[in-house]
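Chain and residue survey
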Amino acid sequence: MDKVGIGFIGCGNISEAYLKAAAKFPILDIRGVADLKPVAAQARASQFGLEAVSVDALLRDPAIEIIVNLTIPAAHVEVGLMAIAAGKHVHSEKPLGLTTAHARTLLEAADKRGLRVGCAPDTFLGGAHQTCRKLVDEGAIGKPVAGTATFMCPGHERWHPNPAFYYAEGGGPMLDMGPYYITALVNLIGPVARVSGSTSRVRSERLITSEPLKGTKIDVEVATHVAGTMEFASGAIVSIATSFDVPKHRHVPIELYGTEASMIVPDPNHFGGTIQLAQAGQEWADQPIGHAYGDGNYRSIGVADMAHAIRADRPHRASGELALHVLEVKEAFETSSRLGRHVRMKAGGVLHLAFADGVEFDVNLSPVIQRYPPPWPIRPCSSAPNSGP
């Protein structure tokens, strides 16, 4: 196998999950890790038996083809542009940028250099969500009509060791957690055409109750409750609520309602989970997961798919274009709330998703979604994933 060299910039909390998962994909050759804080890079390098280097050294390494950008949201575009300038493809942790205008500069720079941009989340490539996708494609729920998506919690200051960035520009529940839910829905039922939203911020500061900063107060600069409606190009209408202000609730993460049946979609922050279907008058019935990568945390599968796509000269699925569309949708909730009207999507580009052959959305607004066969073989989840996508 012709491996693809990758390097990690950013060795914070999420890097552990990425590095653990990356080792499961033989096509990925981890060449090194870097961080503005050398001690953080050295700690991760020691943990995984890797080499810690400077950011400049990582970018100069000719054996590295993909930079995995795990820096804070405010640095995603800046670091991504550095990688592009160095001739590297880049896969970024979400969001792609703080604004669509800023994120678009990254895609434009990559396009000029003939390079690829990918972005989290890649959970929609997991076994559970690919199975949901297959069920929708096969007509198990009929024509999608409506749905709900819900992420609500008391706030990340209760568990995260350094949660201030969740409440700074580029944070908040919609920009932080919305990507999982919106990406999963776009994968299932296509692009969003327009959005309406309402937002609120009930507190101007938060008290950290997690270690090591327990007792520290942090300023809140963003909306902490964002709710609204997404009207998809297909005609489906989905209500969504994301919040850092809710003590407890009983909503499931995602429900889809079709003309023939309803479906409970597992938590889009995970690769597996329980899928249920119910027709009118019936009880919920569990559905078997028929795709691989649903039995663990594969939070590098998007990078592995990009690596395989580079070698096969095909589109990768967790693309920058997809992330830009999702970012525009997220921004639209705030814009709609401020202006008091619907906001129509304008982001350009082509979204390369794992859709069935032969169907293409074109609603006279970009993006157009080109549909492709499922990216992974349909096989039991117990099958070892070490053969790669």
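Residues numbered from 1 in each chain as written. Predicted model: local features only at pLDDT ≥ 70, side-chain atom pairs only at ≥ 80, totals over all residues. Heavy atoms only, no water.

Considering the arrangement of structural elements, one finds serine 92 in strand E4 (residues 89-92). Among residues more than four places away in sequence, those in contact with serine 92 are Asn69, His76, Gly118, Cys119 and Ala120. (Helix = DSSP H or I, 4+ residues; strand = E, 2+ residues; numbered from the N terminus. Contact = heavy atoms within 4.5 Å.)

Okay, the layout of surface pockets next. By volume, the largest pocket amounts to about 1,300 Å³. Listing elements by their share of the lining of the largest pocket, those giving two or more residues are helix H4 (76-85) and helix H7 (173-189). Considering only residue class, the lining of the largest pocket consists of 24 nonpolar, 13 polar and 8 charged. (1 Å grid on protein atoms, 1.4 Å probe; cavity = no way out; pocket = protein on both sides within 12 Å on 5 of 7 lines; lining within 4 Å. Points joined across faces, edges and corners; volume = space filled by probe spheres on them. Nonpolar A, V, L, I, M, F, W, Y, C, P; charged D, E, K, R; others polar.)

Before going further, it helps to spend a moment on the environment of arginine 341. Tracing the sequence through the fold places arginine 341 in the loop between helix H9 (320-339) and strand E16 (343-344). For arginine 341, a relative accessible area of 49% gives the class partly exposed. Separated by 145 residues in the primary sequence, arginine 341 and serine 196 place their C-alpha atoms 6.5 Å from one another. Residue contacts for arginine 341: discarding those within four places in its chain leaves Val195 and Ser336. (Buried < 20%, exposed > 50% of the residue type's maximum accessible area, 1.4 Å probe, protein only.)

Let us look at the pattern of salt bridges. Overall, the coordinates contain 14 salt bridges when judged by the stated rule. With its nearest N and O atoms 3.6 Å apart, the salt bridge here joins glutamate 16 to lysine 20. You can see glutamate 16 and its partner lysine 20 sitting in helix H1 (residues 15-22), 4 residues apart, about one turn around the helix. For glutamate 16, a relative accessible area of 27% puts it in the partly exposed group. Residues aspartate 245 and arginine 203 are paired through a salt bridge, measuring 3.7 Å at the closest nitrogen-oxygen approach. Pair noted here: aspartate 245 is in the loop between strand E11 (237-243) and strand E12 (254-258) and arginine 203 is in the loop between strand E7 (192-200) and strand E8 (205-207), with a separation of 42 residues, a long-range link. (Salt bridge = Lys/Arg side-chain N within 4 Å of Asp/Glu carboxyl O.)

The next subject is helix H5 (residues 100-113). Its 14 residues give H5 an end-to-end C-alpha distance of 20 Å, which sits within 8% of 20 Å, the value for a rise of 1.5 Å per residue. Glycine 114 sits one or two residues past H5 and shows a positive phi near 70°. (Expected span 1.5 Å × (residues − 1).)

So, about the nonpolar core. If you look at the biggest cluster of nonpolar residues, it comprises 79 residues, and the most contacted ones within it are Phe8, Met230 and Met263. Here this core takes 10 residues from H7, the largest share from any one element. Those residues within four positions of methionine 263 in sequence are excluded, and the remaining contacts are Cys132, Leu135, Val136, Ile141, Ile254, Glu255, Leu256, Ile275, Gln276, Leu277 and Trp284. With 24 residues, the next largest nonpolar core counts Ala34, Ile67, Leu96 and Leu324 among its residues. (Core = buried A, V, L, I, M, F, W, Y, C linked by side-chain atoms within 4.5 Å.)

This part covers empty space enclosed by the protein. Tallied over the entire structure, the rule returns 2 cavities of 30 Å³ or more. Counted as a void, the largest cavity has a volume near 90 Å³. At the level of elements, H7 and H9 are the ones that each hand at least two residues to the lining of the largest cavity. With 5 residues, the single largest contributor to the lining of the largest cavity is H9. There is about 30 Å³ of room inside the second largest cavity. Together, Tyr18, Glu93, Ala120, Pro121, Asp122, Thr123, Tyr180 and Arg299 line the second largest cavity. Split by residue class, the lining of the second largest cavity holds 4 nonpolar, 1 polar and 3 charged.

Glancing now at the environment of histidine 325. With respect to the helices and strands, the residue histidine 325 is situated in helix H9. Expressed as a C-alpha distance, the spacing of histidine 325 and proline 191, which sit 134 residues apart in the sequence, is 7.9 Å.

All right, on to the pairing of E12 then. The pairing of strand E6 (residues 144-152) with E12 spans 5 bridges and is classified as antiparallel. What sits directly across from alanine 146, in E12, is tyrosine 257. Where E12 lies against strand E13 (residues 262-265), 4 bridges are found, and the strand directions are antiparallel. Note that in E13 the partner of glutamate 255 across the bridge is isoleucine 264. Counting the residues in the hairpin turn of E12 and E13 gives 3 residues. (Pairing = 2+ DSSP bridges.)

With that settled, the discussion passes to the confidence of the model for the protein chain. On average, residues of the protein chain score 89 in pLDDT, and 89% of them reach the 70 mark or higher. Note that pLDDT drops below 50 for residues 348-389; the model gives that stretch 134 contacts with residues more than four away or on any other chain. (pLDDT = per-residue confidence, 0-100.)

Taken in spatial order, the 9 strands of this open sheet run E15-E14-E13-E12-E6-E11-E10-E7-E16, and their pairing is mixed. Bordering the open sheet on either side are strand E15 (285-287) and E16, each of which pairs with just one other strand. As paired elements, strand E10 (residues 225-232) and E11 share 7 bridges and run antiparallel to each other. From the neighbouring strand, alanine 227 faces E11, where its bridge partner is alanine 241. Where H7 meets the sheet, its contacts fall on E6, E7, E10, E11, E12 and E13, and the angle it forms with E11 comes to roughly 155°. (Axes fitted to C-alpha atoms, helices over the stretch in contact; angles between N-to-C directions.)

Okay, unusual backbone geometry next. Of note, the bond from alanine 120 into proline 121 is cis; its omega dihedral lies within 30 degrees of zero at 5°. In this structure, proline 121 sits in the loop between strand E5 (117-119) and helix H6 (127-137). Here the residue pair glutamate 211 and proline 212 is connected by a cis peptide bond, since its omega of 10° sits within 30 degrees of zero. In this structure, proline 212 sits in the loop between E8 and strand E9 (217-219). With a phi close to 65°, tyrosine 293 is a non-glycine residue in the positive phi region.

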